[in-house]
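A look at the structure
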Protein chains: 2
Amino acid sequence: MRFSKDIADLCKEHGLRLTGPRKVIMQVLAESTDHPDAVELHRRVSEISPGVAIATVYRTLSLLEEKGVLEKHTFGDGRARFETADQDHHDHLINVETGDVIEFRSDEIERLQDEIARQHGFDIVSHRLEIYVRPSKKVRKGTGKAP
Amino acid sequence: MRFSKDIADLCKEHGLRLTGPRKVIMQVLAESTDHPDAVELHRRVSEISPGVAIATVYRTLSLLEEKGVLEKHTFGDGRARFETADQDHHDHLINVETGDVIEFRSDEIERLQDEIARQHGFDIVSHRLEIYVRPSKKVRKGTGKAP
DNA sequence: TTAGCTGCAAATAGTTTGCCTGTAG
DNA sequence: CTACAGGCAAACTATTTGCAGCTAA
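Residues numbered from 1 in each chain as written. Chains lettered and ligands numbered in written order. Predicted model: local features only at pLDDT ≥ 70, side-chain atom pairs only at ≥ 80, totals over all residues. Heavy atoms only, no water.

If you check an unreviewed UniProt entry, chain A appears there as Ferric uptake regulation protein from Aquamicrobium lusatiense. Looking at chain A in UniProt, the text filed under Subunit (unreviewed entry) is "Homodimer." Per UniProt, the comment on chain A under Subcellular location (unreviewed entry) is "Cytoplasm". (UniProt positions renumbered as here; feature names shortened; annotations may be inferred.)

Surrounding DNA strand D, one finds 21 residues, the nearest of these being Arg 17, Thr 19 and Thr 56 of chain A together with Tyr 58 and Ala 80 of chain B. Backbone sugar and phosphate groups make up 63% of those atoms of DNA strand D lying within 4 Å of the protein. Interatomic distance of 3.1 Å between a backbone N/O atom of Ala 53 of chain A and a phosphate oxygen of DNA strand D. Split by residue class, the surface near DNA strand D holds 10 nonpolar, 5 polar and 6 charged. (Near = heavy atom within 4 Å. Polar contact = N/O pair within 3.5 Å; in protein donor to acceptor, adjacent residues only side chain to side chain. Nonpolar A, V, L, I, M, F, W, Y, C, P; charged D, E, K, R; others polar.)

On to the relation of the copies chain B and chain A. Aligned on chain A, chain B shows an RMSD of 0.1 Å; the corresponding rotation is 180° and the shift along the axis is 0.1 Å. Interpreted geometrically, this transformation is the action of a two-fold axis. Relative to the rotation axis, the closest C-alpha in chain B is found at Leu 129 of chain B, a distance of 2.2 Å. Most of the interface of chain B is mirrored in chain A, where 97% of its interface residues again form contacts. (Least-squares fit on C-alpha atoms with pLDDT ≥ 70 in both. Contact = heavy atoms within 4.5 Å.)

See the structure below:
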């Protein structure tokens, strides 16, 4: 997960104090390649800095969401997951067998959504498209997914 | 919300006993035009039959979901909402100002999703598309949405 | 009769909050 | 110095479960 700028700068820009817990939490987020939920994030943070309370993780996450730095997602399983909001918009492909989340983007789908909203007399505020998938049964060379 | 068949038949078909609480819960579901969550459903059920426990509502809902009669949705707000699974597939347009949920379907979007999954070497298990919208600012006759 | 239901209350899981101490700026 | 943060534990919300009595088939 990549932040648009340096952690210190991000805090400064949004009027947040650069504290120890915050540094660690944002550091762990920055180094995550997946979409961890708050509990998992806290677990990772605790490995580096055992004293950090999970309440602090939640407070930091909602603060960052409020500031528009992070986006919250809920992939159907009750828990909230986060990712940086500064990058290009994308949707998600969720592998139901492994839980892996793959990002993708389709301008054509975006355009169709816009059209549908307009047809109903609405403007789009945001949207969420999640495709739950499993590896294709058909053997095809190049998937790199040998069982 | 319309069930594919009579409540009694549905129960029989899935080997479920047609009990008082179940009758009321399914009745209320059948008469709902919105997508109530378990707590709201329990509230409505209680108006008709005050003794029904919310645990029974949850148990009935997950039982019906398990049997494929209902589909569970989570529109970002922690709570699970349900709708009948027998009808044609559709996606949701959520009016963020009123909370109203409007159903729609776009074969073209469906087709594109399929294409994307295939490109990544996956088969679609299911998907979820939610477009969060607000009434268009542009005045257009015929929307029937006078503020 | 009896496996399947139910109500009740207690248990979970995820998340939020109050309070009082700690510290970045 | 002091307003913002953090730790801790209690509070909350949504949902699940154990148990003992009830009932549809």
